[in-house]
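Each chain is listed here by its residues.
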Amino acid sequence: MKRLLFLSLVFWHLNPFAHDEFKLYDAKGKEVSIEKMFKDAASKSWIFFGEFHNSSTIHRLQLRLTQYLFEKHKSNLIVGAEMFESDNQDIINEYFAGWINTKYFEDECRLWTNYKTDYKPIVEFLKSNNLLLVATNIARRYAHMVHYKGLESLEALPQHVKDLYLPKLPIAIDTTLASYQEIKKMATHGGKFMMEAQAIKDATMAHFIQKYWSPGKVFLHLNGAFHSNSYEGIISFLPQSWSRKEMLVISMVTQKNIDKLEDENKKLGDYIFCFEEDYGKSH
């Protein structure tokens, strides 16, 4: 009875979003329910929830999915996030253990400007339920090095830094992937190594997903949609032995008309949230 009440409350909270600023489609462009997506996610080992970082609605849905997966998997649920950098894992662990207070955690973790409105509810839910939050992203200072000096610049870092905070170097980038080709075309100003900077972020996130996941666990990863669209980005750096059937990719797009998913947006994920272009932004 308690479980049924919990699930009812979860889906009741979702209903106000159902026909508001977005519609949800599957990879074939068929409109589906959020309940279907949630149930599908609960059967997977790795779920990649791709977001636009400023979508307040998507962040609330991420929280609901986290709660739903916790109800299904309890302590076997792990959540990783692009929004936290790998060298801050100890700070997260200290905060979750109660060794440091909220102020020190928030002051020292280089949090995104929208943390309190968009990500804090998820973090506090994980903390209150003794779940693991994994900081998967590369430290921004190292991404900056790559952006301007190339991947080779990372080799100059101390060995303990490379061992603790980076994937095994050198990384192999599949430059034929559409997402990396797109970035390469965009790199017309600033650093010369924009594609490589994107790839080291993807490789680092894949590294820490692999490090913390083990059989029987369920890993929910929160990341910008571009990092997992079309099963590229992060997923291109995961072991080939990890079955796609055990993965779920959720993405987000915007369209002028959301009543039909445009062909170019199909197959970006297993489920695609199609938002109106003037969707509610948190910042």
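Data block above holds the structure.
Description of the structure in this document. None of these values were measured; they are calculated from a predicted model.

Rules used in this analysis
Residues numbered from 1 in each chain as written. Predicted model: local features only at pLDDT ≥ 70, side-chain atom pairs only at ≥ 80, totals over all residues. Heavy atoms only, no water. Helix = DSSP H or I, 4+ residues; strand = E, 2+ residues; numbered from the N terminus. Buried < 20%, exposed > 50% of the residue type's maximum accessible area, 1.4 Å probe, protein only. Contact = heavy atoms within 4.5 Å. Areas by Shrake-Rupley, 256 points an atom, 1.4 Å probe, with all protein chains shown as cover. Salt bridge = Lys/Arg side-chain N within 4 Å of Asp/Glu carboxyl O. Pairing = 2+ DSSP bridges.

What follows concerns the overall build of the chain. When its secondary structure is counted, the chain shows ten helices and seven strands. Considering only C-alpha atoms, the chain reaches an extent of 55 × 50 × 40 Å along its principal axes. Within the span of the chain, comprising 283 residues, buried residues form 53% of the whole. Taking contacts inside the chain between residues at least 6 apart in sequence as the whole, the part at least 24 apart equals 72%. Split by element, the accessible area of the chain, about 13800 Å² in all, is 52% carbon and sulfur.

Another point: the pattern of salt bridges. Going through the model one piece at a time under the given rule, you end up with twelve salt bridges. Where Lys 23 meets Asp 259, a salt bridge forms, and the shortest distance between an N and an O atom there is 3.0 Å. Separated by 236 residues along the polypeptide, Lys 23 in strand β1 (residues 22-26) and Asp 259 in the loop between β6 (247-255) and β7 (271-276) bring together distant segments of the chain. When its relative accessible area of 17% is taken as the criterion, Lys 23 is described as buried. A salt bridge links Lys 74 to Glu 71; its shortest N-O distance comes to 3.7 Å. Taking relative accessible area as the criterion, Lys 74 reaches 39% and is therefore assigned partly exposed. Overlapping salt bridges, with partners in common, bring together Glu 85, Asp 87, Arg 110, Arg 140 and Arg 141 in one network.

On to unusual backbone geometry, then. In terms of backbone geometry, most residues other than glycine have negative phi values and most peptide bonds are trans. Note the cis peptide between Leu 169 and Pro 170, where omega equals -5°. Inspection of the secondary structure puts Pro 170 in the loop between α8 (159-165) and α9 (178-186). The phi dihedral of Ser 230 is positive, around 60°, even though this residue is not glycine. A residue is classified by how much of its surface remains accessible, and Ser 230, at 33% relative accessible area, is partly exposed.

Our focus in this paragraph is the pairing of strand β4 (residues 132-137). The buried fraction of β4 is high, at five of six residues. Direction of pairing for strand β3 (residues 77-85) relative to β4: parallel, over a ladder of five bridges. Looking at β4, one finds that Ala 81 is bridged to Ala 135.

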